[in-house]
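Listed below, chain by chain, are the residues.
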Amino acid sequence: MGPVATCALGGADSLRELGMLLAWILAAALGADNPCTNGSFEVLAPNGFPADWGPVGTKIELWAEAHSGKRALRFVRQAGADPRIETGLNRLRLLDRLQGGMEFWYKAVSAKDAHLRIYAIPINADGIEKTDSSRAAFTVPADHIGDGQWHRGRIKYDFTKDPKVKSLHFAVRIEGGAGELLVDDFAYRERVGPVLRFGTVRLDEDPKQPGRRGRVYVPLFNDGDAPARNVRAVLGAPAGLAPQPAELRLGEMAPGKRVLLAWTLEGPRERPAMLSASATTGDEKATTSLPLVPQLVVRSFGPLAPVAAVGRPVTMECVLANPGSVAVRQPAVVFRLGNEAITVPIESIAPKTTATLRAALAPKAQGEVQFGASFRAAGPVEIPAPLQGTILVGAAGELPPPS
């Protein structure tokens, strides 16, 4: 899909005026049943942008890959963009409904060091955002980014207790780094109903069985304005991993309630995998995920003594760690001293554990001798960069024998 081709009426001023009039009449007709007029961006103003909306920043365009109708809006923020310049969308036709909710659809294409957000922004009598209320915000969940799907989002808000708030508008922003976002079908809702949302998932290792047994925790919220009834949650895992219990039955969650969900995860984690949590209430569903990956990092490396003697073995030590959630398989350190090298392999490093590897090498020459280490491991794991340094080597008779 690509940009929507548009054209302006040509000819006499009367034709342009007629086009403008027809556009505004159609916009009013399309939005007659909802205060958020032209929420699907189907009607264009004379400037070629959707009527009742205004771009913020650059690289905002009409897009044919719509959730419904013929048009969506596409936002692109490039890496290195000036942080003082926003990328997004504002409503030009403000809403007078100070309590209620916003519904919208979005497809999150990408985000790198960026937040994709939709806001309900309170506005004062002067038409600016200077009130005693904070914005009501929705942040696109990380697991929706790049999944290729349209998702429904909803925000509840209530600015009725702030006398400075006279109106509000709905807005879109890409904040921070680079990102791409499609949006469509904005609407005001008197009530948004139950809205389930997951917080951040974490996996705590069993210290007695790291990599084979752990506890998965994730908070679940009801961000809506109605109770979520008969809430159920499940944790999906690949073959070989068994979450217990199979299903959590949470009953009713009042608006604003938070519940911490927990599962025990049994089974050896030896390959990268993905855990996926879901919670449902009626037709409402929330999802989140946790990638299970190995990680290999170097905690420390170097000789155990600051000086050495020709012909006497020097003990080199390297502490490797796995802060990931899957075992690092067949890691090894290649220790080097001068022109000599020894490879020290081990079977694995379990998640959240360390391994200490050592090798003894005897220098063959005096002076500053270079030492170093390089690393390897089986499977898809990022390998640390090689390390190096120098050690002072003297004649054997100049140094006391090792104690």
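Above this text sits the structure in question.
Residues numbered from 1 in each chain as written. Predicted model: local features only at pLDDT ≥ 70, side-chain atom pairs only at ≥ 80, totals over all residues. Heavy atoms only, no water.

## Remarks on the layout of surface pockets
Here is step 1 of the chain: In this structure, the largest pocket occupies an estimated 870 Å³ of space.
Here is step 2 of the chain: Around the largest pocket, the lining is made up of 31 residues, and of these Pro141, His144, Arg197, Phe198 and Thr287 lie nearest the centre.
Here is step 3 of the chain: Of all the secondary structure elements, the ones that give two or more residues to the lining of the largest pocket are strand E6 (136-139), strand E7 (151-158), strand E9 (196-198) and strand E17 (284-292).
Here is step 4 of the chain: Broken down by element, the lining of the largest pocket gets its largest block of residues, 7 residues, from E17.
Here is step 5 of the chain: Split by residue class, the lining of the largest pocket holds 13 nonpolar, 9 polar and 9 charged. (1 Å grid on protein atoms, 1.4 Å probe; cavity = no way out; pocket = protein on both sides within 12 Å on 5 of 7 lines; lining within 4 Å. Points joined across faces, edges and corners; volume = space filled by probe spheres on them. Helix = DSSP H or I, 4+ residues; strand = E, 2+ residues; numbered from the N terminus. Nonpolar A, V, L, I, M, F, W, Y, C, P; charged D, E, K, R; others polar.)

## A few points about the nonpolar core
Here is step 1 of the chain: Residues Phe170, Val183 and Phe186 are the most contacted members of the largest nonpolar core, which totals 34 residues.
Here is step 2 of the chain: The next biggest cluster of nonpolar side chains, apart from the first, holds 26 residues, and it includes Val216, Leu275, Ala279 and Val326. (Core = buried A, V, L, I, M, F, W, Y, C linked by side-chain atoms within 4.5 Å. Buried < 20%, exposed > 50% of the residue type's maximum accessible area, 1.4 Å probe, protein only.)

## Digging into the pattern of salt bridges
Here is step 1 of the chain: Evaluation of the coordinates by the stated rule reveals 26 salt bridges.
Here is step 2 of the chain: We note a salt bridge from aspartate 82 to arginine 84, for which the minimum N-O separation is 3.0 Å.
Here is step 3 of the chain: Notably, a salt bridge pairs glutamate 252 with arginine 229, separated by 3.4 Å at the nearest N-O pair. Of this pair, glutamate 252 sits in strand E14 (residues 248-253) while arginine 229 sits in strand E12 (residues 228-236), placing them 23 residues apart in sequence. (Salt bridge = Lys/Arg side-chain N within 4 Å of Asp/Glu carboxyl O.)

## Some points on the side chain of serine 167
Here is step 1 of the chain: By the secondary structure assignment, serine 167 is in strand E8 (residues 167-189).
Here is step 2 of the chain: Those residues in contact with serine 167, other than ones at most four positions away along the chain, are Leu94, Leu95, Leu98, Ile121, Pro122 and Ile123. (Contact = heavy atoms within 4.5 Å.)

## With respect to unusual backbone geometry
Here is step 1 of the chain: Each neighbour pair has its own omega, and for glutamine 244 with proline 245 the value is 0°, a cis peptide bond.
Here is step 2 of the chain: Even without glycine at this site, asparagine 230 takes up a positive phi of about 50°.
Here is step 3 of the chain: Among the structural elements, asparagine 230 can be located in strand E12.
Here is step 4 of the chain: Asparagine 230 sits in the exposed class, given a relative accessible area of 51%.
Here is step 5 of the chain: Even without glycine at this site, glutamine 330 takes up a positive phi of about 50°.

## Some remarks on the sheet that holds strand E24 (residues 353-361)
Here is step 1 of the chain: One open sheet accounts for 3 strands, arranged E18-E20-E24; its pairing is antiparallel. Only two strands of the sheet have a single neighbouring strand rather than two, namely strand E18 (297-303) and E24. Within the sheet, the average angular offset between the axes of one strand and its neighbour, ignoring direction, is 15°.
Here is step 2 of the chain: Inspection of the sheet shows strand E20 (residues 314-322) paired to E24 by 9 bridges, in the antiparallel sense. Along E24, the bridge assignment pairs methionine 316 with alanine 359. (Pairing = 2+ DSSP bridges. Axes fitted to C-alpha atoms, helices over the stretch in contact; angles between N-to-C directions.)

## Here's the deal with the side chain of arginine 154
Here is step 1 of the chain: Residue position: arginine 154 is located in strand E7.
Here is step 2 of the chain: Here arginine 154 falls in the buried class, since its relative accessible area comes to 11%.
Here is step 3 of the chain: Polar contacts involving the side chain of arginine 154 include one to the main-chain carbonyl oxygen of valine 192, which spans 2.5 Å.
Here is step 4 of the chain: Separated by 3.4 Å, the side chain of arginine 154 and the backbone oxygen of proline 194 make a polar contact.
Here is step 5 of the chain: Apart from residues no more than four positions distant in its own chain, arginine 154 is found in contact with Met102, Glu103, Phe104, Phe138, Val192, Gly193, Pro194, Val195 and Glu284. (Polar contact = N/O pair within 3.5 Å; in protein donor to acceptor, adjacent residues only side chain to side chain.)

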